[in-house]
Amino acid sequence: MTEKTLRNGFIAAGLMNIIPVLVLSRFFTNDVIPETDPAVMSNFGLLMIMVWGLAYIALAVNYRKAKWVVGVFVVEKLIYVIAWLMWIVNNDVSKVYEKDLFAGLFYSVYGLNDFFFFVFFLYVFYKIQFKTT
């Protein structure tokens, strides 16, 4: 991948942490998302997801100088993937859809999105670690 592609990947990761949270939570007015998983997806948790998104965007230009921060992103995404998998295994997303379409969409896709960017950040970390081009 080119430098531009990787930089754009950081920006895309950030936007995917910000825009869907704002839209699907209806700017934090959708009560079904935090009610469904209050430990992870409270309104404060959603806000912190957006803060992570800002961190990805902030590092987009200088990610090569912050290898260990990229490593933290790998761990953070893995934690969200595991949290989502545990939620999916123990809950019925169709019941969330019955309460609210946007909340159902949120719980259907957030872990897939996090898995995609987990792989992306892992790839970037590997590239930095082994200085591949």
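To keep things clear, this report deals only with the structure shown in the data block.

Quick notes on the rules
Residues numbered from 1 in each chain as written. Predicted model: local features only at pLDDT ≥ 70, side-chain atom pairs only at ≥ 80, totals over all residues. Heavy atoms only, no water. Core = buried A, V, L, I, M, F, W, Y, C linked by side-chain atoms within 4.5 Å. Buried < 20%, exposed > 50% of the residue type's maximum accessible area, 1.4 Å probe, protein only. Helix = DSSP H or I, 4+ residues; strand = E, 2+ residues; numbered from the N terminus. Phe/Tyr/Trp six-rings, centres within 6.5 Å; stacked < 30°, edge-to-face > 60°.

### Quick word on the nonpolar core
Okay, step 1: One finds Ile33, Met41, Leu46, Phe106, Tyr107 and Tyr110 to be the most contacted residues of the largest nonpolar core, which totals 19 residues.
Okay, step 2: Looking at this core, the elements that each hand over two or more residues are α1 (3–24), α2 (32–36), α3 (43–59), α4 (67–90) and α6 (101–129).
Okay, step 3: Among the nonpolar cores identified, the runner-up in size contains 18 residues, and Leu6, Phe73, Phe117 and Phe125 belong to it.

### Some words on the packing of aromatic side chains
Okay, step 1: Under the criterion given, the structure shown has 19 aromatic pairs.
Okay, step 2: Measuring from centroid to centroid gives 4.7 Å for tyrosine 56 and phenylalanine 73, while their planes differ by 80°, and the two rings are edge-to-face. Taken together, the positions of tyrosine 56 in helix α3 and phenylalanine 73 in helix α4 put the pair 17 residues apart, joining distant regions of the chain.
Okay, step 3: Overall, tyrosine 56 belongs to the buried group, its relative accessible area being 0%.
Okay, step 4: Judged by relative accessible area, phenylalanine 73 falls into the buried class, the value being 2%.

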